[in-house]
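Here's the letter readout for the chains.
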Amino acid sequence: MHPIFNHRIEGGIKLPHIEGIETSEEELHSCHVSTVRVQSEQAAETLQKPIGSYITIETGKPLSRHDHIMSVGECLAEVLDRVLRPHYHGKLCVCGIGNRDRIADALGPEVARNLPLKFLAEHVEGNFREVVSLEPGIAGINNINTDVLVNGVAKEVGADCLLLIDSLTASEPARMFQTIQLSTSGGLNLIERKADWSALGIPVLSLGVPMVIPASILLPDQDLGNRLFTSTEIQSEIAAAGRIIAYAILRVCFPSHSMAESFILSGLNSDPVPFDPDAWTS
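Residues numbered from 1 in each chain as written. Predicted model: local features only at pLDDT ≥ 70, side-chain atom pairs only at ≥ 80, totals over all residues. Heavy atoms only, no water.

Description of the overall build of the protein chain
Put simply, the test is: Secondary structure elements follow DSSP: runs of H or I no shorter than four residues count as helices, runs of E no shorter than two count as strands, and numbering proceeds from the N terminus. Working definition: with a 1.4 Å probe on protein chains only, accessible area under 20% of the residue-type maximum means buried, over 50% means exposed, and in between means partly exposed. The contact definition used throughout considers only heavy atoms, calling two residues in contact when any of these lie within 4.5 Å. Surface accessibility in these figures is a Shrake-Rupley result with a 1.4 Å probe; residues are shielded only by whichever protein chains are displayed.
Along its length, the protein chain carries nine helices and nine strands. Expressed as a percentage of the 282 residues in the protein chain, the buried residues total 51%. The long-range share in the protein chain, meaning contacts at least 24 apart out of those at least 6 apart in sequence, stands at 69%. Carbon and sulfur atoms make up 49% of the accessible area of the protein chain, which amounts to about 13300 Å² in all.

Some points on the packing of aromatic side chains
Working definition: an aromatic ring pair is given by the centre-to-centre distance plus the angle between the planes. Note the cut-off: Stacked, edge-to-face and tilted are the three classes for Phe, Tyr and Trp ring pairs, Trp counted by its six-membered ring, which pair at centre distances within 6.5 Å; planes under 30 degrees apart are stacked, over 60 edge-to-face, the rest tilted. Two limits define a charge over a ring: the Lys NZ or Arg CZ must be within 6 Å of the ring centre, and within 35 degrees of the ring normal.
In the structure shown here, the tally under the stated rule is two aromatic pairs. When the centroid spacing of 5.2 Å and the interplanar angle of 85° are considered together, the rings of Tyr-88 and Phe-128 count as edge-to-face. With a gap of 40 residues between them, Tyr-88 in the loop between helix H2 (69-84) and strand E4 (91-96) and Phe-128 in the loop between helix H4 (117-123) and strand E5 (130-134) connect regions that are remote in the sequence. What makes Tyr-88 buried here is its relative accessible area of 12%. Classification of Phe-128 as buried rests on a relative accessible area of 6%. Ring centres 6.3 Å apart and planes at 65° place the aromatic pair Tyr-247 and Phe-263 in the edge-to-face group. Taken as a pair, Tyr-247 in helix H8 (residues 234-253) and Phe-263 in helix H9 (residues 259-265) lie far apart in primary sequence, 16 residues in all. A relative accessible area of 27% means that Phe-263 is categorised as partly exposed. For Arg-243, the ring lying beneath its charged end belongs to Phe-263, and the centroid distance is 4.2 Å.

Observations concerning empty space enclosed by the protein
Spelled out, the test is: A cavity here means a set of 1 Å grid points, computed over protein atoms only, where a 1.4 Å probe fits but cannot escape. A pocket is an open set with protein on both sides within 12 Å along at least 5 of 7 lines, and lining residues have an atom within 4 Å of a point. Grid points are joined across faces, edges and corners, and a volume is the space filled by probe spheres set on the points. Throughout, the ten residues Ala, Val, Leu, Ile, Met, Phe, Trp, Tyr, Cys and Pro are labelled nonpolar, Asp, Glu, Lys and Arg are labelled charged, and all others, Gly among them, are labelled polar.
The tally for this structure, following the rule as stated, stands at two cavities of 30 Å³ or more. One number sums up the size of the second largest cavity: a volume of about 30 Å³. Lining the second largest cavity, in full, are Ile-55, Leu-80, Val-83, Leu-163, Leu-182, Ser-183, Thr-184, Leu-205 and Ser-206. Within the residue set of the lining of the second largest cavity, elements represented by two or more residues are H2, strand E7 (179-183) and strand E8 (204-214). Across the lining of the second largest cavity, the residue classes break down as six nonpolar, three polar and no charged.

Notes on the confidence of the model for the protein chain
The condition that has to hold: The score called pLDDT rates the predictor's confidence residue by residue, from a low of 0 to a high of 100.
A residue-level look at the protein chain finds 86% of positions with pLDDT of 70 or above and a mean pLDDT of 85. Here residues 1-13 is a poorly scored stretch, pLDDT under 50, and it has 36 contacts once near neighbours within four places are set aside; other chains count.

Considering the nonpolar core
Filter applied, for reference: To qualify as a nonpolar core, a set must consist of buried Ala, Val, Leu, Ile, Met, Phe, Trp, Tyr and Cys residues joined through side-chain atoms within 4.5 Å.
Formed by 56 residues in total, the largest nonpolar core has its most connected members in Leu-76, Leu-80, Leu-84 and Ile-249. It is H8 that provides the largest number of residues to this core, a total of 12 residues. With residues up to four places along the chain from it excluded, the contact list for Leu-84 reads Leu-92, Phe-128, Cys-161, Leu-205 and Val-252.

Structural notes on the packing of H2 against H8
This is how the line gets drawn: A fitted line through C-alpha atoms represents every axis, and for helices the fit uses only the stretch in contact; the resulting angles, taken between N-to-C directions, go from 0 to 180 degrees. These descriptions rest on fixed angle ranges, namely under 35 degrees for roughly parallel, over 145 for roughly antiparallel, 65 to 115 for roughly perpendicular, and the rest for oblique. By convention, the crossing between two helices is left-handed when the near helix turns anticlockwise from the far helix through less than a right angle, and right-handed when the turn is clockwise.
Where H2 meets H8, the closest approach of the two axes is 8 Å, and the angle between their N-to-C directions is 50°. As far as their axial angle goes, H8 and H2 are oblique. Viewed along their axes, H2 and H8 form a crossing whose handedness is right-handed. Of the residues in H8, those touching H2 at Ile-69, Met-70, Val-72, Gly-73, Glu-74, Leu-76, Ala-77, Leu-80, Asp-81 and Leu-84 are Ile-244, Ile-245, Tyr-247, Ala-248, Ile-249, Arg-251 and Val-252. Grouping the amino acids of the contact of H2 with H8 by side-chain chemistry returns 13 nonpolar, one polar and three charged.

See below:
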């Protein structure tokens, strides 16, 4: 997890006063949203974090067991709209980072699979000139650094903005499966990955959900090296998070579709269902 996400504003725990730091809290669609904006070079140097916004959506319970899954999706869609709005009318590249065969690391590929972009591009206009998606795989398999692959594709397709989707590492058990984190300043603390996203030369935003936790946090008295732990229910958590994130991206990119249409479309590739746009109302 990005260290800046460890700071909470409610409950008497606050970020120390630093010139160039702005914080805000709000309740949005049954979720708690915390935003930290690093606005100056001095503040960035003090926190050792790039200038940008760091946003945490707290859902209150694991995504797979949430009673109001559409509310979480609408909350994320509203937050995504705010950070992506400056890039509307350009070309957006959604990059699903991770290893589909390693389930805790499969959030990025799961989201990418849930985006029927070719179908939508042929039938509806949206907020972006074009939306494309990419699953670059991992260096452990293809022996190519992920940022190198993404950089090549982004330049080839003429992307104006990159949205990274990936599993994150939690800093405490309560964060796992219950927070959605966004950053406008490049990559978050992605699982076992290092990359220089600034080399792309375009805005890079990142979005993720904590899916693992270091053994050193759960068992501080034992030397378990760099092992990561997750839940026996990780498959359900990945499926739920992948559907929610894909839903929110579709709501932002193609706002002419209703909530019901976007939810159906977000499952079209993984669980096909009959879809008749004329049968749904906003």
